Amino acid sequence: MPTDTAIIDSLLQVMRILRRHYDDCARDMGLTMSRARVISELTRKEGVTQTELASALDIEAPTLKRQIDALEAGGFVSRRPIEGDARKNAIFLTEQGRASQITAFTRKLRSDVLEGIAPEDLTRARDVLDRIAENIVKLGRK
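Since the structure is predicted, the reported quantities are computational estimates derived from the model, not experimental observations.

J.: Could you give me a rundown of the overall build of the protein, with the residues and numbers involved?
T.: The number of helices and strands found in the protein is seven helices and two strands. Counting only C-alpha atoms and orienting by the principal axes, one finds that the protein spans roughly 55 × 40 × 25 Å. By residue count, 26% of the 142 residues in the protein fall in the buried class. A total accessible area of about 10100 Å² is found for the protein, and carbon and sulfur atoms account for 54% of it. Here the protein carries 24 positive and 22 negative side-chain charges, and the mean point of each set is 3 Å from the other.

J.: Report on a positive patch on the surface, specifying residues and quantitative values.
T.: Among the surface-exposed residues, Arg131, Lys138, Arg141 and Lys142 lie close enough to one another that they form a single positively charged patch. Residue classification places Arg141 among the exposed positions, given a relative accessible area of 67%.

J.: An account of the pattern of salt bridges is requested, with residue identities and associated values reported.
T.: In this structure the tally under the stated criterion is nine salt bridges. For Arg27, the salt bridge goes to Asp24, with nearest N and O atoms at 3.3 Å. Pair noted here: Arg27 and Asp24 are both in helix α1 (residues 6-27), with a separation of three residues, about one helical turn. According to the relative accessible area criterion, Asp24 is partly exposed, its value standing at 40%. Of the charged contacts, one joins Asp69 and Arg79 as a salt bridge, the two residues approaching to 2.6 Å between their closest N and O atoms.

J.: Summarise a nonpolar patch on the surface; cite the residues concerned and give the values.
T.: Residues Ile7, Ile8 and Leu12 make up a contiguous nonpolar surface patch of roughly 250 Å² in combined accessible area. Position of Ile7 relative to the elements: it lies in helix α1. When its relative accessible area of 46% is taken as the criterion, Ile7 is described as partly exposed.

J.: Can you explain helix α4 (residues 61-73)? Please cite residues and give values.
T.: Between the first and last C-alpha of α4 there are 18 Å, a value that for 13 residues agrees with the 18 Å anticipated at 1.5 Å per step. Every buried residue of α4 is accounted for by Leu64, Gln67, Ile68 and Leu71. Each buried residue of α4 lies within a common arc of 100 degrees when the element is viewed along its axis, so the set occupies one face. Exposed side of α4, more than 90 degrees from the buried face: Arg66 and Ala73 are the residues found there. Buried residues in α4 make contact with α2 (33-44), α3 (50-57), β1 (77-82) and β2 (85-93). Gly75 sits one or two positions beyond α4 and adopts a positive phi of about 85 degrees.

Calculation notes
Residues numbered from 1 in each chain as written. Predicted model: local features only at pLDDT ≥ 70, side-chain atom pairs only at ≥ 80, totals over all residues. Heavy atoms only, no water. Helix = DSSP H or I, 4+ residues; strand = E, 2+ residues; numbered from the N terminus. Buried < 20%, exposed > 50% of the residue type's maximum accessible area, 1.4 Å probe, protein only. Areas by Shrake-Rupley, 256 points an atom, 1.4 Å probe, with all protein chains shown as cover. Lys, Arg positive; Asp, Glu negative; His and termini not counted. Charge placed at Lys NZ, Arg CZ, Asp CG, Glu CD. Patch = residues over 30% accessible without salt bridge, like charges linked within 9 Å, V, L, I, M, F, W, Y side chains within 5 Å. Salt bridge = Lys/Arg side-chain N within 4 Å of Asp/Glu carboxyl O. Expected span 1.5 Å × (residues − 1). Arc of directions from axis to C-beta. Contact = heavy atoms within 4.5 Å.

Function cannot be inferred from these measures alone, as they are strictly geometric.
Structure representation (structure tokens):
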């Protein structure tokens, strides 16, 4: 069993720095990292239900509801009733949501933060992070 857990501290630090930078930049667009993830997912899967979107983002439905409420209030998304099922709404981007530069900003940020890192190093890092994620999932099953 490994005793050097510094990688976890490094991972947490990277996430804090990335989130802070992302939120600082996205704030000018009226967004946060969490809300931008919703918009990015909707660019790929527009018209899904909140349940489907929460599943795709791997977040709880109440968390997503708060994000959608804020995005709707900001004019980025709209809810539309699903024909034949009055209990469910589909989520769509508005013109403002489609015109948002957040998707391009996210792509550029991802590219910029990985600049100068060899593809084989990225592959190895992804493999290690995937294994860490698998181990965390196993903890939930114990």
